[in-house]
Amino acid sequence: FKARAYYVGASFLVFESLPWSACLWKTRVAAMAKAKVPPPVSALEAMASSVPPQAVAIVEKFAHLVTESFTWVMAQDKKALFACLVALVSAYVLIAFLLEPAVPKISVQLTEQERKGIPGKKWKVGTKFGPDTIPCYDPGTLEMLGPDMKAMSADEVKTIIGKAKVAQAQWKKSSWKQRKLLLKVIARFILDNQDDICKVSARDSGKPLVDAAFGEILVTLEKIKWLLRDGQKWLSPERRTPGRMMFYKKATVEYHPVGVMGAIVPWNYPFHNVFNPLLANVFAGNALVVKVSEYASWSSLYYERAIKACLQAVGAPADLVQIVHGYAEAGNAIVTGGTDKVVFVGSTSVGRAVMRAAADTLTPVVLELGGKDPFIVLNSANLTQCVPMALRGAFQSCGQNCAGAERFYVQSKIHDSFVEKVMLAANQLRQGWALSPGVDCGAMCMPNQAAYVHSLVTDAVEKGATVLRGGFLPDPTESSGQFYPPTVLVGVTHVMRIMKEEVFGPVLAVVKFETEAEAVALANDCEFGLGSNVFGTRKKALNLGKQLNAGMTTINDFCATYMAQSLPFGGVKESGFDRFAGIEGLRGCCHIKSVVVDNLPFLKTDIPPPLQYPVRTNAFAFCKALCHTFFGLNTFQKSRGLGMLVKALVVPQPGSKKRD
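This is a predicted model, so every value here is computed, not measured.

Caption draft 1: Quick peek at the nonpolar core. Formed by 154 residues in total, the largest nonpolar core has its most connected members in Ile376, Phe418 and Ile498. When residues no more than four places from it in sequence are discounted, the contact partners of Ile498 are Lys372, Leu456, Val457, Ala460, Leu489, Val492, Val503 and Val507. One finds Phe622, Ala625, Leu626 and Ala648 within the second-largest nonpolar core, a separate group that totals 6 residues.

Caption draft 2: Region of interest: the packing of helix H9 (residues 194–205) against helix H10 (residues 209–235). Relative to each other, H9 and H10 sit at 105 degrees, their axes nearing to 9 Å. Classed by the angle they form, the pair H9 and H10 counts as roughly perpendicular. Taking contact as the criterion, the partners of Gln194, Ile197, Cys198, Lys199, Ser201 and Ala202 in H9 are, on H10, Leu209, Ala212, Ala213, Glu216 and Ile217. The class makeup of the residues in the contact of H9 with H10 is 7 nonpolar, 2 polar and 2 charged.

Caption draft 3: Looking closely at the sheet that holds strand E17 (residues 554–555). Within the open sheet, the 7 strands sit side by side as E12-E13-E14-E11-E10-E16-E17. Their pairing is mixed. For this open sheet the edge positions go to strand E12 (466–469) and E17, each flanked by a neighbour on one side alone. Direction of pairing for strand E16 (residues 533–535) relative to E17: parallel, over a ladder of 2 bridges. Paired with Asn533 across the two strands is Thr554, which belongs to E17. Strands in contact with helix H20 (residues 538–545) are strand E10 (373–377), E16 and E17; relative to E16, the strand with the most contacts, it is inclined by about 150 degrees.

Caption draft 4: Molecular detail of unusual backbone geometry. Looking along the chain, the bond that leaves Tyr613 and enters Pro614 is cis, with omega of -10 degrees. When you line up the elements, Pro614 lands in the loop between strand E20 (590–598) and helix H23 (619–631). Even without being glycine, Leu142 reaches a positive phi, approximately 70 degrees. One non-glycine residue with positive phi stands out, namely Cys559, at about 55 degrees. Secondary-structure assignment places Cys559 in the loop between E17 and helix H21 (560–563).

Caption draft 5: How the structure looks around the side chain of His272. Its place among the elements puts His272 in helix H11 (residues 272–284). Here Tyr562 takes part through its side chain, which lies 2.6 Å from a polar atom of the side chain of His272. His272 has contacts with Gly215, Glu216, Val219, Thr220, Pro277 and Tyr562, leaving out every residue within four places of it along the chain.

Caption draft 6: Layout of the sheet that holds strand E3 (residues 238–240). Taken in spatial order, the 3 strands make up an open sheet running E3-E4-E20, and their pairing is antiparallel. Taken across any chain shown, the strands that pair with only one partner, and hence form the sheet edges, are E3 and E20. Averaged over all neighbouring strand pairs, the angle between strand axes comes to 30 degrees, with direction disregarded. Relative to E20, strand E4 (residues 249–257) runs antiparallel, the two sharing 9 bridges. Bridge pairing in E20 links Ala251 to Val596.

Caption draft 7: Fine view of the packing of H10 against H11. Relative orientation of the contacting elements H10 and H11 amounts to 15 degrees, with a least axis distance of 10 Å. Classed by the angle they form, the pair H10 and H11 counts as roughly parallel. For the crossing formed where H10 meets H11, the hand is right-handed. Within the contact between the two elements, H10 uses Gly215, Glu216, Val219, Thr220, Lys223, Ile224, Leu227, Gly231, Gln232 and Leu235 and H11 uses His272, Phe275, Asn276, Leu279, Ala280, Phe283 and Ala284.

Caption draft 8: A look at helix H17 (residues 449–462). Between its terminal C-alpha atoms H17 stretches 20 Å, which fits the 20 Å expected from 14 residues at 1.5 Å a residue. Of all the residues in H17, the buried ones are Gln449, Ala450, Val453, His454, Leu456, Val457, Asp459 and Ala460. In this structure, the buried side of H17 is in contact with E12, strand E13 (487–490) and strand E14 (507–513). Backbone geometry just after H17 places Gly464 at a positive phi near 115 degrees.

Caption draft 9: Spatial organisation of the pairing of strand E11 (residues 405–411). Of all 7 residues making up E11, 7 are buried, and the element is well covered by its neighbours. Between E10 and its parallel partner E11, the chain crosses via helix H15 (residues 383–395), and the hand of that crossover is right-handed. Relative to E14, E11 runs parallel, the two being bridged by 4 bridges. Within E14, the residue paired with Gln411 across the bridge is Phe513.

Caption draft 10: Inspection of the pairing of strand E8 (residues 341–345) at higher detail. Taken across its 5 residues, E8 has 5 buried, putting it largely inside the fold. With 4 bridges joining them, strand E5 (residues 260–264) and E8 adopt parallel strand pairing. Counted as the bridge partner of Gly262 is Val342 from E8. Pairing analysis gives 4 bridges linking E8 to strand E9 (residues 365–368), with the strands arranged parallel. In the sheet register, Phe344 faces E9, and the bridge partner there is Leu367.

Caption draft 11: Structural detail: the packing of aromatic side chains. The tally for this structure, following the rule as stated, stands at 16 aromatic pairs. With 4.3 Å between their ring centres and 5 degrees between their planes, Trp123 and Tyr137 make a pair best called stacked. Separated by 14 residues along the polypeptide, Trp123 in the loop between helix H6 (112–116) and strand E1 (133–134) and Tyr137 in the loop between E1 and strand E2 (149–150) bring together distant segments of the chain. Looking at Trp123, the relative accessible area reads 8%, which means it is buried. The exposure class of Tyr137 is buried, given its relative accessible area of 6%. When the ring of Phe247 is compared with that of Tyr248, the centres are 5.5 Å apart and the planes differ by 85 degrees; the resulting orientation is edge-to-face. Of note, Lys207 hangs over the ring of Tyr269, and the distance from its end group to the ring centre comes to 4.5 Å.

Caption draft 12: Broad picture of the side chain of Asp459. Mapped onto the fold, Asp459 is located in helix H17. Reaching out from Asp459, the side chain makes a polar contact with the side chain of Lys463 at a distance of 3.1 Å. Not counting residues up to four positions away in its chain, the partners in contact with Asp459 are Met496 and Arg497.

Caption draft 13: Here's a closer look at the pattern of salt bridges. Applying the stated criterion across every chain, the model contains 18 salt bridges. A salt bridge links Glu238 to Arg587; the shortest N-O distance between them is 3.6 Å. With Glu238 in strand E3 and Arg587 in helix H22 (residues 582–587), this residue pair connects regions lying 349 residues apart in the sequence. Ionic contacts of the salt-bridge type, sharing partners, join the residues Glu238, Arg240 and Arg587 into one network.

Caption draft 14: Structural view of H9. With 12 residues, H9 should cover 16 Å at 1.5 Å per step; its first-to-last C-alpha distance of 16 Å lies within 8% of that length. Counting buried positions along H9 yields 9 of 12 residues, so the element is predominantly enclosed. Along H9, the positions that sit buried rather than exposed are Asp196, Ile197, Cys198, Val200, Ser201, Ala202, Arg203, Asp204 and Ser205. In this fold, the buried residues of H9 make contact with H6, helix H8 (176–192), H10 and helix H12 (298–313). After H9 finishes, the residue Gly206 shows a positive phi value of roughly 95 degrees.

Cut-offs used in this document
Residue positions are counted from 1 within each chain, in the order its sequence is given. Since the coordinates come from a predicted model, pLDDT governs what is reported: local features require at least 70, and pairs of side-chain atoms require 80 or more to be given and counted, while whole-chain, interface and lining totals use all residues. As a convention, hydrogens and water are excluded, and side-chain values are obtained from all of the structure's heavy atoms. The definition of a nonpolar core used throughout is a set of buried Ala, Val, Leu, Ile, Met, Phe, Trp, Tyr and Cys residues joined through side-chain atoms within 4.5 Å. Each residue gets one of three labels from its accessible area relative to the maximum for its type: buried under 20%, exposed over 50%, partly exposed in between, using a 1.4 Å probe on protein chains only. Note on contacts: a residue pair qualifies if any of its non-hydrogen atoms lie within 4.5 Å across the two residues. Angles here are taken between N-to-C directions and fall from 0 to 180 degrees, while the axes themselves are lines fitted to C-alpha atoms, restricted in helices to the stretch in contact. Working definition: helices are DSSP H or I runs of at least four residues, strands are E runs of at least two. Numbering for both runs from the N terminus. With respect to orientation, any angle under 35 degrees is reported as roughly parallel, any angle over 145 as roughly antiparallel, any angle of 65 to 115 as roughly perpendicular, and every other angle as oblique. Each residue gets one of three labels, nonpolar for Ala, Val, Leu, Ile, Met, Phe, Trp, Tyr, Cys and Pro, charged for Asp, Glu, Lys and Arg, and polar for the others, Gly among them. In this analysis, strands are considered paired if DSSP registers two or more bridges between them. The term polar contact refers here to a pair of N or O atoms within 3.5 Å; inside protein, the definition further demands a hydrogen-donor-capable atom paired with an acceptor-capable atom, and it admits residues adjacent in sequence only when both atoms are side-chain atoms. Crossings are assigned a handedness: left-handed for a near helix turned anticlockwise from the far helix by less than a right angle, right-handed for a clockwise turn. One fewer than the residue count of a helix, multiplied by 1.5 Å, yields its expected span. Whether a crossover is right-handed depends on one test, that the path from the first strand over the helix to the second runs clockwise when the strands point away from the viewer. A pair of Phe, Tyr and Trp rings is counted when the ring centres sit within 6.5 Å of each other, with Trp represented by its six-membered ring. The angle between the planes then sorts it: under 30 degrees is stacked, over 60 is edge-to-face, the rest tilted. In this analysis the charged atom, NZ for Lys or CZ for Arg, is taken to sit over a ring once it is within 6 Å of the ring centre and within 35 degrees of the ring normal. Salt bridges are defined as contacts in which a side-chain nitrogen from Lys or Arg sits within 4 Å of a carboxyl oxygen from Asp or Glu.

Here is the structure:
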């Protein structure tokens, strides 16, 4: 109490000693003098008897220093003050830099073959994949990137999972400091090697470098930053309320590593799709076995070497993260071969197969399946902001995005202006090889995807839609790549396949609507429910967004829910269930354990005598009394419960004779 009194007193003394306080004090005294009121005693004088002389001396020195500093600052001109500010900031940055712990730098170089590929050797259009090897070619040129890779068997995958289990048993004991250092090493590798990471991704998946920077680098670094800042907080034990009857207890939820996480990921973002589950799982204390797509396996060779180097740099087990290559057999082994949980990202049909396989071993699964996100433009939308995002939503990575915009609903008054602005940009889009300068749209990664997209466009045209741009199927042998042109369709309706099936291609299909209620009905008239985007005045857009049956909604932006890495990612309906990313996804890497303990060491729980075996005849009356006492809806009921409790304990109950 004395210490608090001194602290309060010192605070008053400092405040009163400052220049602005002195001004206020003089003004107050002058006003009281006019009113012929005796001047009040200052806080300094009032506290003099209760504060030790040493404290008063220290406070007076501090106040004098502050006053002198304030006077000096007020006497300087703006240039001098600015120079001082720059010096202070520079000193702060320098000190922070010197005190910052060093992050190890790793060096992982591309091989000569990885840089140049196999000149003169091309993949033959129509060649079937498998069953024992995986062809590696650039979808934008059809040139072979390297020799065919071996497709792993189920036994090989199970062996890898076994090694991961051994590594995880060691890693789960690692400290937060070591886990954070691993993330920092990965972040440094990414920052230092953006060119190589993006070039490898672009050549394997067909996307331009800018799209690789968006989808591979930015979101991965954002995830690392979030995990470093908030991850430990969300995995630390969490206090919960123990309940009315156990008020003297401490209730917590603990998050323990799940073990070996299996992941089956798609080809559209080869780098991020590996590092996204990697970051969350190693931070949570898990091992990871990830199967990459057969359509983007080549890039994983470089990424895997980088992962191994990062693990080695922080002293983590070498087998903690494993990459699997192969087809359905390898994927099935990920689910059934001993992993403790599985995350699957891919098509709805394969997601169902994953669920069936997981049912035999009761392996929990997270399914992020197809998406067919609506992009709703209200009359109140700002087209200058909206149209560039619509183009990015439809054409980024040539439309090959889980949460890409596939259904564009535009209100009638703004429809024509929207289409006009879209066409101004769409007619200037340039398509070509991912590494060519000035390319907006790259190639289709899967061999048959362009033909599938064209079948949807053809169906729409046959049912009344109009093609304003694109809409034709190039011959891959003549175009030297797997391309489908950026396409704009208007006059689209829900009788067309393109409004029902996932496109996963560069098509901007526009539907005109009249009322907001109609927009909601159209947007929800879909088997998928992953993301959604609404543009308009804040109030109207928010109101409409609340009515959309989707896992995510972004207002006046496109897919911003994914850049906000604290948010979970996932959908409803045919888009799957459960979540990865965000707090929920991070905690999904853990077994959740409930723990209850006595809050005070000297308090312990005993079963009341009436309820101990063999129970007494007043046991049921005792239970009823407890219910009224603790859970009565008002004071009268609780008081009645206390009376019932006394009666149950004191008054003998009928039927007390023992049975033979």
